[in-house]
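Residue-level structural notes
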Amino acid sequence: MSHFYKYTIFFILVFSALPVFSSKPQIINIYREKYRADNKNWSIGQDERGFLYFGNDIGLLEFDGVEWNLNRIPNSLVARSVAVLSHNTIFTGSYEEFGRWDRDLSGKLVYTSLSDSLDKALFRNDDFWKIWIADNCVYFQSFSAIYMYDYKTVTRIPSDKGFLFLTKVRDEFLIQQMLGPLFRLKGTTLEKIEGSDIFNNTDVRVILPYKDNQYLIGTTTKGIYIYDGATFKEWNPELSRLMNSKELNCGLFSSRGTYFLGTILDGIYEIDTNGKIIDHMSSENYLQNNTILSLYEDNLNNIWAALDKGISYIQYMENMSCYTDPGGKTGAVYGGIVWNDKLFVGTNQGVFYLTKDDLNRSDALSGMRLINGTQGQVWAFRIIDGKLYCCHNKGLKEIHKDLSVSDAFSVGTGVYNISEASMKNHDLLLLSTYQSIKIIDKNTKAVFRPGQISEPIINAEFDHLGNIWLEHFNRGVYRCKLDDDLNSIRSFSYYGGNNNDDLPYKLKLFKVGGRVVLLGDNRFYTYDDIANKIVPNQLLDDCFNDVKELKQVIPITDNLFWALTTSAIYKFSYDGYEASIVESYDLGMNMSLVNSYEKVSVLNDSVSLICLDNGFMLYRKPEGRTGLTERRLPLPYIESLRAVDTDGDIEYKDMVKGSKIVYDHNTVTFGFSSNNAFAMNLSFQYMLENVDQDWSAPRKVNNVSYARLPKGKYTFKVRTVDSLGNYSDEVTYDFEILSPWYLTIWAYLLYIVVIVAVLYAIWMLILRRYRNLHLQKIRQRETRRLRILAGELQQEVEQKSAELLTQTSFIIQKNELILKIKDIVDEFYSKNKLNALLPLYQKINALLNNNLDSEDDWKMFLIKFEEKHTGFFKKMKMLYPQLTNSDLRLCACLKLNLETKEIASLMNLSVRAVENSRYRLRKKLNLQPSQNLNEFFLNVD
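Residues numbered from 1 in each chain as written. Predicted model: local features only at pLDDT ≥ 70, side-chain atom pairs only at ≥ 80, totals over all residues. Heavy atoms only, no water.

**Description of the environment of Val-516**
What counts, and what does not: Numbering of helices and strands starts at the N terminus; helices are DSSP runs of H or I of at least 4 residues and strands are runs of E of at least 2. Exposed residues in this analysis have more than 50% of their type's maximum accessible area, buried residues have under 20%, and partly exposed residues fall in between, with area computed by a 1.4 Å probe over protein chains only. By the convention used here, residues are in contact when the closest approach between their heavy atoms is within 4.5 Å.
With respect to the helices, strands and loops of the structure, Val-516 is situated in strand E48 (residues 515-520). Looking at Val-516, the relative accessible area reads 3%, which means it is buried. In this structure the C-alpha to C-alpha distance between Val-516 and Met-617, which are 101 residues apart in sequence, comes to 28 Å. Contacts of Val-516, omitting those with residues within four sequence positions, involve Asp-463, Trp-469, Leu-509, Phe-510, Lys-511, Tyr-525, Thr-526 and Tyr-527.

**Overview of the environment of Val-668**
Along the polypeptide, Val-668 turns up in strand E61 (residues 667-674). Separated by 37 residues in the primary sequence, Val-668 and Ser-705 have C-alpha atoms spaced 5.6 Å apart. Contact partners of Val-668, with chain neighbours within four places excluded, come to Leu-641, Arg-642, Ala-643, Ile-661, Val-704, Ser-705, Tyr-706, Leu-709, Phe-735 and Ile-737.

**Topic: the sheet that holds strand E51 (residues 552-555)**
Note on sheets: strands pair through backbone hydrogen bonds, and any given pair is parallel or antiparallel. We apply this condition: DSSP-based pairing: two strands are paired if at least 2 bridges between them are found. Throughout, an axis means a line fitted to C-alpha atoms (over the contacting stretch in the case of helices), and angles, computed between N-to-C directions, take values from 0 to 180 degrees.
Spatially, 4 strands are ordered E51-E52-E53-E54 in an open sheet, and the strand pairing comes out antiparallel. Lying at the two open borders of the sheet, with one neighbouring strand each, are E51 and strand E54 (579-586). The mean inter-strand angle of the sheet, taken between neighbouring strand axes irrespective of direction, is 25°. Where E51 meets strand E52 (residues 560-564), 4 bridges bridge the pair, whose relative direction is antiparallel. Directly across from Pro-555, in E52, lies its bridge partner Phe-561.

**Regarding the packing of aromatic side chains**
How we decide: Note on ring pairs: Phe, Tyr and Trp rings are taken, using the six-membered ring of Trp, and paired if centres are within 6.5 Å. Classes follow the plane angle, with under 30 degrees stacked, over 60 edge-to-face and the rest tilted.
All chains considered together, the criterion is met by 66 aromatic pairs. Here Tyr-210 and Tyr-259 contribute two aromatic rings whose centre-to-centre distance is 6.3 Å and whose plane-to-plane angle is 25°, an arrangement assigned as stacked. Linking Tyr-210 in strand E19 (residues 204-210) with Tyr-259 in strand E24 (residues 259-263), this pair joins segments that are 49 residues apart in sequence. Tyr-259 shares its class with Tyr-210; the two are buried. A centroid spacing of 5.6 Å and a plane angle of 40° characterise the contact between Trp-304 and Phe-678, whose relative ring orientation is tilted. Taken as a pair, Trp-304 in strand E28 (residues 303-307) and Phe-678 in the loop between E61 and strand E62 (683-688) lie far apart in primary sequence, 374 residues in all. Owing to a relative accessible area of 3%, Phe-678 belongs among the buried residues under this scheme. Ring pairing ties together the aromatic residues Phe-670, Phe-672, Phe-684, Tyr-686, Tyr-706, Tyr-714, Phe-716, Tyr-733 and Phe-735, which thus form one cluster.

**Overview of unusual backbone geometry**
With a phi angle near 70°, Asn-75 is a residue other than glycine that sits in the positive phi range. Mapping Asn-75 onto the fold places it in the loop between strand E6 (68-71) and strand E7 (81-86). On the basis of relative accessible area, Asn-75 is assigned to the exposed category, the value being 70%. In this model, Asn-522 sits at a positive phi of 70°, which is unusual for a non-glycine residue.

**Some thoughts on the pairing of strand E14 (residues 154-158)**
Two strands pair when backbone bridges link them, and strand E13 (residues 145-149) and E14 are joined in this way by 5 bridges, in the antiparallel orientation. Pairing of Tyr-147 across the sheet is with Arg-156, part of E14. Between E13 and E14, which pair antiparallel in sequence order, lie 4 residues; one of them, Tyr-151, sits at a positive phi of approximately 75°.

**Examining helix H10 (residues 911-925)**
Going by this rule: The span one expects for a helix is its residue count, reduced by one, times 1.5 Å. The arc in question is formed by the directions pointing from the helix axis toward the C-beta atoms.
Counted at 1.5 Å a residue, the expected span for H10 with its 15 residues is 21 Å, and the 21 Å between its end C-alpha atoms agrees. If you check which residues of H10 are buried, you get Val-914, Ser-917, Arg-918, Leu-921 and Leu-925. Buried residues of H10, seen end-on, are gathered within an arc of 105° and therefore sit on one face of the element. Of the exposed residues in H10, the ones pointing more than 90 degrees away from its buried face are Arg-912, Tyr-919 and Lys-923. The secondary structure elements touched by the buried residues of H10 are helix H7 (872-879), helix H8 (885-895), helix H9 (900-907) and helix H11 (933-938). Two residues or fewer after H10 comes Asn-926, characterised by a positive phi angle close to 55°.

**Topic: the environment of Asn-201**
Tracing the backbone through its elements, the reader meets Asn-201 in the loop between strand E18 (189-192) and E19. Between the C-alpha atom of Asn-201 and that of Met-178, which follows or precedes it by 23 residues, the distance is 8.4 Å. If near-sequence neighbours (up to four positions away) are discounted, Asn-201 is found in contact with Leu-179 and Thr-221.

Below you can see the structure in the form of structure tokens.
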């Protein structure tokens, strides 16, 4: 037979917060493979934001309630001691080293050594075991000395015999000289406490506050003493003997008014102010191991234990006591009941029982015993007429006072539930069985089996109209009318189960004031007997509007009920007219109800048994509470803002005020945390305005990233949320993604300049083009004009040439004609030499000679020539000033490309004379013999 324990041991790789409860706690044993939280853990501290710090074999472990971070001390030293000044400053001590950690903009801790400025020989081979923070200084204690750090310098407080452990009690610092008396430390001065020589040759491990300003002093071999400021006296000798045998190592005085004492050999003892042991937690039932190195109470009054291997968290839940089986050997619990001064617990393995005295022992439930004959699946218990009935998969069992078991009635099948009812003066028992509903007449013991519905029925209830409602094991419900003989069903209606009635597939039923209420898909329904249909129950829907995954409703009294979800339970009141939640409890991730069979067994009006898949919890009604106490969730903190560019370059922003982030670093990551996120089982919801449409789903994360945000102003929002549907106020952070360089004012100015320049260039190009087009048109017009003019000039030239040719031809022909006439006259005169003809001959001869060499002809020739070849004579005269007029006339003839004979006729010279003139002209022109004279003049412009 396995044993249930009042604590739950959870071996977890992923952490989540657990609900806070009072009375008997549960213990969470923490494993963290990545950072080896299962190593030795020497000391514990907590900051104002709820971050926890553990001095570990491999460094300083930091836990924000969601994730663990390892901060390594230089040379990978062990962190023996931890003290927390604030969220931004933590002190640690290790081997031959002590220093401080300061948080940077990224949220990471950066280490600064305080011992580097000291002579290492002073603390060679020393570990710093304790760190305490005073009003204006910090004490670091090793076995050889104490070092006081005033935030500027470090001062050494030596001791010839060495020290054991420095302890802070209230506002005093007490320390034992090694195996010697106690001293009080004030500043840098040690004052011996009179009478403390009784601690010679023993170790004082624990000094705690006691009532009336007294002190509780625990040793390893001499027991526990009370010090009233003047004398020492032994406190509870029996406890002293126990602690001597277990080797007391550490302790604390809790806010619950009890002491927790950690031992080397046997775990943790919780004792009251009289020295009576209340609880004992050890590796026999709860802890990972028995060696307790440090204890710490967090700001929610739960206890953290640093162990020789690992970390354990002792957590309390208000109004609850936890009884779970860490090994799971007993199985899941499906019901419980108190009868005959015993608590009976039904599981999937059978019925176990324990006495009330067992529940009050520190080793509660270790004596839980299985009742023989009940092996198998147990579904429910019911006390009827003083008899205890057990609904079992083998039928209906009766458990007798002597714990013997017998079959009750002849059922012949498994029974889910049993209830009492009355119908027409008949006292009945309704049995919900694996096959159908069965009805037993309590007076005649007759068993009736209405046969129309042969399906597994898990629950049955009569309503105020006499209808019997049957809840199917896996789907909808039936509303039936029984015949008077109870052997058959007169009529029935079916709801849900894909019946095309718009109701959920699976429905649960419970009664309120005689009326049946249905639950399905997180919505409530009731039967409207006037309209004869199922209608929504708006009162209950509004009451549970923020609650998700409702699974079951269990009546406590006529107007009080339990509502169960997968991870929470709610106590609510409902009388048909008003509905309100009275109490709510979060079970967390490490405890869970039995999946699909969520149940609470009501033991009495003030105590209920909550069935878990590895045990149960006992609820005790709080005294004096009249309504739901609002659970105010802590505000989250936005720890850091990281901006990253595409190359992976990281920038961290100041969180005090809003940030402006350059566009290149537009991938941002927000880090956030919350006080007590682990203890309160908190999740986070976040939203980035203008990016997210709504709040994210609750997630147990401590950061969120947004990639490649466009330019603009943003507001990041984050809030905490628990599994009960409570929300904290939102925390916001405003930031701005600046425009990219190409969208800044300077860029716009540059763009304007460039655009203006481009427009100007385009304008100039257009202007130039139009100018060119205009010029082209002008050129075309001018070309046309010039062509016309050239044509006219050509015509004029041709005309001049024609005139020149005509003139030349005329002169030549005239001269030739004159010469012929002269020849004729000379021939005639020579043949007829008459004196009478002589005067006539002379006149004719003179007239012909005058016309043959007429200066007027040459002038006209030269005018015509000059008109065609303007400047020719001027150019020739300029180039060749030695030329005579006759030479110029010859040049003109040669320019006209006249033949020698034509030139002779024109100039009234002989051919021979022309040849001689050409010869002389060549010399004046300095022409080469090979150079053609005519071609020379043709090339002269």
